[in-house]
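Residues per chain are reported as follows:
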Amino acid sequence: MSRIHVRTTINGDAVEYLCEAGQSLLDVLRDDLGLTGTKEGCGTGDCGACSVLLDGRLVCSCLVLAAEADQRSVETVEGLADGDRLHPLQQKFLDHAALQCGICTPGFLVAARALLEKNPTPSETDVRYWLAGNLCRCTGYDKIVAAVMDAAAQMRKG
Amino acid sequence: MQFAAPRSASEAAALLQAEPGDARVLAGGSDLLVQMKSGALRPDLLVDIKRIPGLDAITAEDGGFRLGAAVPGARLGEHAGVRALWPGVVEAVELIGSTQVQGRATVAGNLCNASPAADAVPALVAADAVARVFGPRGERDCPVSDIPVGPGRNSLAKGEFVASILLPARPKRAADAYLRFIPRTEMDIAVASAGVSLVLDEDGRCTRARIALGAVGPKVLLAEEAAHCLIGTKLEDAALAAMAEACSALASPIDDKRGTVAFRKQVVGVLAKRAAKIAQDRAGGTK
């Protein structure tokens, strides 16, 4: 069976790949394109570790087929930092020690960035509800929420 | 397995019709791709309907709104017009899954997946929404309540798919509400649920009511007798009690890990009562 030719944009770069009909976007990102920042947790859309933006919309890349990304725009955690300069969210996650094993972290960062772009002044409740689809099994959520609130405050100052 | 992303509804219908094996419609994928991953489904063809022009749009139509089948829940939640006209439908849709799932899952998909506990469905049935079904012989309109027929089964014929859903116009002093019971605060499947849509007259008396119950039968239940208990009333306690009792009597739930028959029958009446009060308040009937 012939593979599907996909032309897409990933973190601003034009990218082409060939994929199988049933292959997930997550698998292509990690296994074919070497973008291993996006993690696989549950593989069924419950844990948020594989969060990416698809045409600016937060989604689980395990529940997107690679073929669906044709002519669309994908943003992954690799697109957060500006060269060696960390995104404020990344820096605040370090400052607040808002991670332990780190598997859930890329998903939290991508999801939190999507929130702050939509709502630069979220309440703690807003943050907790927005991130309810991102599961962390190590640290608990308090430090993560504190890091997001702190990053939001810093980003508002510019 | 083959993947196709047709550019027209007729091309999509032809592909679905021509596939001799299992052909599935892909919209948000939040049910389909999970079922494929678990091995419950092994389709031979996936038809992605999101590239069909118009299916990703919410358009005003005759005082109501037409929701394209490819519109994800998040887009509905961001639409001020739909929120104002059908707040109960929007609140039901917004209860489905996480932010990530909201970015993909569609209202039409929630309907066609035919889960008895689907959150959007009781609200759509209470709203008297109409599905526009596209198929090999063209399009037809169908009440949303006729799409699901039982757990995981819908009434669509081979080659057919839901292209859009019409939320109709409504008069002044009308509103809807949706409530579900889950044992946590969010991201769970309804144990019982109720959608209520009311029209009030100038004195605040109910002139029209539609009540639909979820997760208490093999498919959504339209509670006509319960709705009748509200007609001509201002939702006084006695009318609400009679309505709740009629809901409980109609419910035919199962026992499972999420709730017992007795619990679901009682709770569905309570939810209908509370949803009716919210709808009444939104319609301006308590002022």
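Residues numbered from 1 in each chain as written. Chains lettered and ligands numbered in written order. Predicted model: local features only at pLDDT ≥ 70, side-chain atom pairs only at ≥ 80, totals over all residues.

(A) Layout of the overall build of chain A. When its secondary structure is counted, chain A shows 5 helices and 5 strands. Ordered by position in the sequence, the α and β elements of chain A form the string β-β-α-β-β-β-α-α-α-α. In terms of C-alpha radius of gyration, chain A reaches 16 Å, essentially the compact-globule figure of 15 Å for 158 residues. Along the longest, intermediate and shortest principal axes, the C-alpha atoms of chain A span 50 × 30 × 25 Å. When each of the 158 residues of chain A is scored for burial, the buried share is 46%. Nonlocal contacts in chain A, meaning residues at least 24 apart in sequence, comprise 59% of its contacts between residues at least 6 apart. (Helix = DSSP H or I, 4+ residues; strand = E, 2+ residues; numbered from the N terminus. Rg over C-alpha atoms; globule rule 2.2 N^0.38 Å. Buried ≥ 20, exposed ≤ 12 C-beta atoms within 10 Å, placed from the backbone. Contact = placed C-beta atoms within 7 Å.)

(B) Structural view of the domain arrangement of chain A. Residue and element names in this part refer to chain A. Partitioning chain A into domains gives domain 1 (4–79) and domain 2 (88–157). The C-alpha centroid of domain 2 is placed 21 Å from the C-alpha centroid of domain 1. Listed by partner, the interface residues are 13 residues for domain 1 and 11 residues for domain 2. A per-element tally of the side of domain 1 that touches domain 2 places strand β3 (residues 51–54) first, with 3 residues. Partitioning the side of domain 1 that touches domain 2 into residue classes produces 7 nonpolar, 5 polar and 1 charged. (Domains from an automatic or database assignment. Nonpolar A, V, L, I, M, F, W, Y, C, P; charged D, E, K, R; others polar.)

(C) Spatial organisation of unusual backbone geometry. All names here are of chain B. Of note, aspartate 62 is a non-glycine position whose phi angle comes to about 50 degrees, a positive value. For aspartate 62, the location among the structural elements is in the loop between β4 (58–61) and β5 (64–68). For aspartate 62, a count of 9 C-beta atoms within 10 Å translates into the label exposed. Within the chain, alanine 114 stands out as a residue other than glycine whose phi angle is a positive 60 degrees. Summarising the element assignment, alanine 114 is placed in the loop between α7 (107–113) and α8 (120–126).

(D) Quick peek at the sheet that holds β3 of chain A. Residues and elements named next belong to chain A. Ordered by their spatial adjacency, 5 strands build an open sheet running β2-β1-β5-β3-β4, and the pairing between neighbours is mixed. Two strands lie at the open edges of the sheet, namely β2 (13–19) and β4 (57–60), each paired on one side alone. Put simply, the sheet's adjacent strands are angled 40 degrees from each other on average, direction ignored. Pairing geometry for β3 and β4, over 4 bridges, is antiparallel. (Pairing = 2+ DSSP bridges. Axes fitted to C-alpha atoms, helices over the stretch in contact; angles between N-to-C directions.)

(E) Fine view of helix α1 (residues 25–32) of chain A. The set of residues buried in α1 of chain A consists of Leu25, Leu26, Asp27, Val28 and Leu29 of chain A. Two residues or fewer after α1 of chain A comes glycine 34 of chain A, characterised by a positive phi angle close to 70 degrees.

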